[in-house]
Amino acid sequence: MTPERDIERLLDAWLAEGPQQVSDRAFDDAVARLYRTRQRRAWRLPWRDLTVSTPMRLATAAVAIVAIAAIGYQFLPGSDVGGPTPSPTVTPSPSTTPTPRPTATPCSKTEPTCIGALAPGRHTTGGIITPFSFDVPSGWTKPLDDRGVINLSHEDYPDFVAFIGIWPDWLIASQTSCSRQPEPGLGSTKDDIVNWLVGQPGVIVTGLQDVELGGLSGQVMDIRKNPDVTGACPTDFNMFTHTGTAVDDGGWWFINDDARSRMYFLETGDGHVVNIDIQTESPDDFNAFAELAQPVVDSFDFTP
Amino acid sequence: MDRDLVEAAQRGDQEAYVDLMRPRADRLFAIAHRILRDIDRAEDAFQDALVIAWRDLRALRDPDRFDAWLRRLLVNVCLEQATRERRRIANLRVMPVDGPAAPDDLLGVGDRDQLERGFRRLSTEKRAILVLHHFVGYAPAEIAEALGIPPGTARSRLHNAHRAMRAALEADARSAEALGGRSA
């Protein structure tokens, strides 16, 4: 063979050769595995979809290992996926956040970039562009801390079935296509977002009220998807995106029929709007988790 | 029809998911095999992709994009698996051909061996790009979508993959000559 020969034609022919059929055993084994695997809820996955950096994924994996060792519950019940995560990550996150340090010991109060179990006490955030401090009792973990998202989860609610999420600077996502593109022509102030949410038939908003939290002013409400209204997405109501924002980390938020959320929208005064969510996958968990989460959220302090 | 199956599977209907995957299984396995060059590893990647796709199916926003999403997931499973495998000693054994072979006037036995060795010299990502283009039939824009990279980057990586394959074949030919072997 000489390199002058048409390499593309050779590759066409050569790659066409080889096995074409998967064995029945391999297919049946895969089917057996999926019957034992629980589907993940949708709204926490988009961060894994495009832009979560490899260090962050490694850190998150390390947290899972810590959870197994320290807490002793069965991680990801019902899931026996032994392979890699599905993250099709190729491009690193644009985040400038220092690489979180996965740790088997609880994050101390002086380690803002630490990812993992949190020691009881007051902590400061690491990478988020709207930094704050907060108090946690024992049992809380910080699995994500990036410039566009912080998650706080509790050991009684593993695998993100419930968590506190903090996101800065949402744009309203497309209402004509099920995508992470922003809906054109809509603003991104606290009032723009709250007024838009209240006016959407696709979500049911209750308990809207003004709130002061951590030195910031804003509004809080409980929301859930209206199961009788189908929007741009087949199973979820498309809500917010970081696409086109300064964060632009691939963040995308939507809510499905069962999820419950208490959402705060707070203005920082320097152009940011902070969204805090107390979320549960199941409506049955909401009251109990909110009871755990509310004191943590009430301790947030955004003052420098 | 497939859109209905995707949506049913997103609602947790496992039978719908199996019906959705059954006609796609052979193609997925074949793609994994071309990238990984090993039947056992290709089966592992196929199974992982099938289960992960089920697990994360609710993250698929547009059911009409299911096939592109699934192939992207499969390629990434292959890339991750190959990363884990890098720690092992490279196995340069030439795979036997157990599928349909190209006409003998296009590829001789020596050509196949040389292509196999050259291909195995490439990074897994370059292999994936070549497989997506030459086996799946993707244009650079579709490769870009499958790998989550800009179209221009896909074009340049495809070009680089071709160049790397050519260089690998040249290196293989030089090695054969140095050993007194045949350079076809």
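To be clear, the structure that these remarks concern was listed above.
All residue numbers refer to positions counted from 1 along the written sequence of the respective chain. Key to labels: chains lettered from A, ligands numbered from 1, both in the order written. Whole-chain, interface and lining totals are the exception, using all residues; otherwise, since this is a predicted model, local features are given only for residues with pLDDT of at least 70 and side-chain atom pairs are given and counted only at 80 or more. Hydrogens are left out, water is left out, and the side-chain values use all remaining heavy atoms of the structure.

1. Concerning the overall build of chain B
Looking only at helices and strands, chain B features eight helices and zero strands. Helix numbering and strand numbering both begin at the N terminus, where a helix is a DSSP run of H or I of at least 4 residues and a strand a DSSP run of E of at least 2. Secondary structure elements of chain B occur, N-terminal to C-terminal, as α-α-α-α-α-α-α-α. When a residue's accessible area, from a 1.4 Å probe over protein chains only, is under 20% of the maximum for its type it is buried; when over 50% it is exposed; and in between it is partly exposed. When each of the 184 residues of chain B is scored for burial, the buried share is 54%. Expressed as a percentage of contacts within chain B between residues at least 6 apart in sequence, the contacts between residues at least 24 apart total 68%. The criterion used for residue contact is that any of the two residues' heavy atoms lie within 4.5 Å.

2. Quick notes on the overall build of chain A
The number of helices and strands found in chain A is six helices and 14 strands. Across chain A, the fraction of contacts at a sequence separation of at least 24, relative to all contacts at a separation of at least 6, is 59%. Note on areas: Shrake-Rupley, 1.4 Å probe, and residue coverage restricted to the protein chains presented here. For chain A, the exposed surface amounts to about 12300 Å²; the carbon and sulfur share of it is 52%.

3. Considerations on the pairing of strand E9 (residues 203-213) of chain A
Residue and element names in this part refer to chain A. Only strands joined by at least two bridges in the DSSP assignment are considered to pair. With nine bridges joining them, E9 and strand E10 (residues 216-225) adopt antiparallel strand pairing. Opposite valine 205, over in E10, you have isoleucine 223 as the bridge partner. Hairpin connection from E9 to E10: two residues lie between these consecutive antiparallel strands, with glycine 214 at a positive phi of about 60 degrees.

4. With respect to helix H7 (residues 140-147) of chain B
All names here are of chain B. Within the span of H7, buried status applies to Ile143, Ala144, Ala146 and Leu147. Buried positions in H7, seen along its axis, are confined to an arc of 165 degrees and lie on one side of it. Downstream of H7 by one or two residues, glycine 148 has phi in the positive range, about 70 degrees. As used here, the arc belongs to the directions running from the helix axis to the C-beta atoms.

5. What about the packing of aromatic side chains?
Under the pairing criterion, centres of Phe, Tyr and Trp rings, with the six-membered ring standing for Trp, must be within 6.5 Å; the plane angle then separates stacked pairs below 30 degrees from edge-to-face pairs above 60, leaving the rest tilted. Counting across every chain of the model gives 19 aromatic pairs over all chains. Between Trp14(A) and Phe119(B), the ring centres sit 5.2 Å apart and the planes meet at 70 degrees, which makes this aromatic pair edge-to-face. In this pair, Trp14(A) is assigned in helix H1 (residues 7-16) and Phe119(B) in helix H5 (residues 109-121), connecting two distinct chains. With a relative accessible area of 0%, Phe119(B) lands in the buried category. With centroids separated by 4.5 Å and ring planes inclined at 35 degrees, the aromatic side chains of Phe132(A) and Phe300(A) adopt a geometry described as tilted. Of this pair, Phe132(A) sits in the loop between strand E3 (121-124) and strand E4 (133-136) while Phe300(A) sits in the segment after helix H6 (286-298); the two residues are 168 residues apart in sequence, bridging distant segments of the chain. Classification of Phe132(A) as buried rests on a relative accessible area of 4%. A relative accessible area of 2% means that Phe300(A) is categorised as buried. Here the aromatic cluster, defined as three or more aromatic residues joined through ring pairs, consists of Phe163(A), Trp167(A), Trp170(A), Trp196(A), Phe237(A), Phe240(A), Trp253(A) and Phe265(A).

6. Overview of the sheet that holds strand E8 (residues 171-172) of chain A
Residues and elements named next belong to chain A. The strand order across the open sheet formed by three strands is E8-E11-E12, and the pairing between neighbours is antiparallel. Edge positions in the sheet fall to E8 and strand E12 (252-256), since each of these pairs with one other strand and no more. Only the stretch in contact is used when a helix axis is fitted, and all axes are lines through C-alpha atoms; the angle between N-to-C directions ranges over 0 to 180 degrees. Contacts from helix H5 (residues 190-198) reach E8 and strand E11 (236-241) within the one sheet, and its direction differs from that of E11 by about 175 degrees.

7. Structural notes on the pattern of salt bridges
Throughout this description, the term salt bridge denotes a Lys or Arg side-chain nitrogen within 4 Å of a carboxyl oxygen of Asp or Glu. Taken as a whole and assessed by the stated rule, the structure comprises 18 salt bridges over all chains. For Lys190(A), the salt bridge is made with Asp191(A), and the minimal N-O distance between the two is 2.8 Å. The class for Lys190(A) is buried, based on a relative accessible area of 11%. Asp191(A) gets classed as partly exposed once you look at its relative accessible area, which sits at 38%. Beyond isolated ion pairs, a larger network of salt bridges with shared partners links Arg3(B), Glu7(B), Asp62(B) and Asp64(B).

8. Description of the packing of helix H2 (residues 24-35) of chain A against helix H3 (residues 39-55) of chain B
Look at H2(A) against H3(B): their axes get within 9 Å of each other, and the N-to-C directions meet at 30 degrees. Comparing the axis directions of H2(A) and H3(B) gives the class roughly parallel. Regarding H2(A) and H3(B), the two cross each other, and that crossing is right-handed. Only Glu43(B), Phe46(B), Gln47(B), Asp48(B), Leu50(B), Val51(B) and Trp54(B) of H3(B) make contact with H2(A), whose side of the interface consists of Arg25(A), Ala26(A), Phe27(A), Asp29(A), Ala30(A), Arg33(A) and Leu34(A). Three classes are used, and their members are as follows: Ala, Val, Leu, Ile, Met, Phe, Trp, Tyr, Cys and Pro are nonpolar, Asp, Glu, Lys and Arg are charged, and the others, Gly among them, are polar. Per-class residue counts for the contact of H2(A) with H3(B) are eight nonpolar, one polar and five charged. The scheme is simple: roughly parallel for angles under 35 degrees, roughly antiparallel for over 145, roughly perpendicular for 65 to 115, oblique for anything else. With the far helix as reference, a near helix turned anticlockwise by less than a right angle produces a left-handed crossing, and one turned clockwise produces a right-handed crossing.

9. Topic: the nonpolar core
Grouped together as the largest cluster of nonpolar side chains are 71 residues, with contacts concentrated most on Phe27(A), Tyr17(B), Phe46(B), Phe66(B) and Met165(B). Among the elements that take part in this core, helix H2 (residues 14-36) of chain B stands out by supplying 13 residues, more than any other. With residues up to four places along the chain from it excluded, the contact list for Phe27(A) reads Val22(A), Val18(B), Met21(B), Arg22(B), Ala25(B), Phe46(B) and Leu50(B). What we call a nonpolar core is a set of buried Ala, Val, Leu, Ile, Met, Phe, Trp, Tyr and Cys residues that are connected through their side-chain atoms within 4.5 Å. Core analysis: the second largest hydrophobic core is formed by 32 residues, Trp140(A), Ile278(A), Ala293(A) and Phe300(A) among them.

10. Observations concerning the side chain of His162(B)
Position of His162(B) relative to the elements: it lies in helix H8 (residues 151-178). Leave out the neighbours within four places in its chain, and His162(B) touches Glu8(A), Leu11(A), Leu130(B), His133(B) and His134(B).

11. A closer look at the side chain of Asp277(A)
Residue and element names in this part refer to chain A. Inspection of the secondary structure assignment puts aspartate 277 in strand E14 (residues 273-280). Classification of aspartate 277 as buried rests on a relative accessible area of 0%. Polar contacts, as used here, are pairs of N or O atoms within 3.5 Å; protein pairs need one atom able to donate a hydrogen and one able to accept it. Residues neighboring in sequence count only if both atoms are side-chain atoms. A polar atom in the side chain of aspartate 277 sits 3.0 Å from the side chain of asparagine 275. In terms of polar contacts, aspartate 277 uses its side chain to reach the side chain of glutamine 279, at 3.0 Å. Beyond its immediate chain neighbours, meaning those up to four positions away, aspartate 277 contacts Phe163, Ile164, Gly165, Trp167, Trp253, Ser261, Arg262 and Met263.

12. Points about unusual backbone geometry
Comment: phi is negative for the bulk of residues other than glycine, and the bulk of peptide bonds are trans. In the Ramachandran plot, Asp169(A) falls in the positive-phi region, its phi being about 60 degrees despite a non-glycine side chain. By the element assignment, Asp169(A) lies in the loop between strand E7 (162-168) and E8. Of note in this structure, Arg37(B) is not a glycine but carries a positive phi near 60 degrees. If you trace the backbone, Arg37(B) turns up in the loop between H2 and H3.

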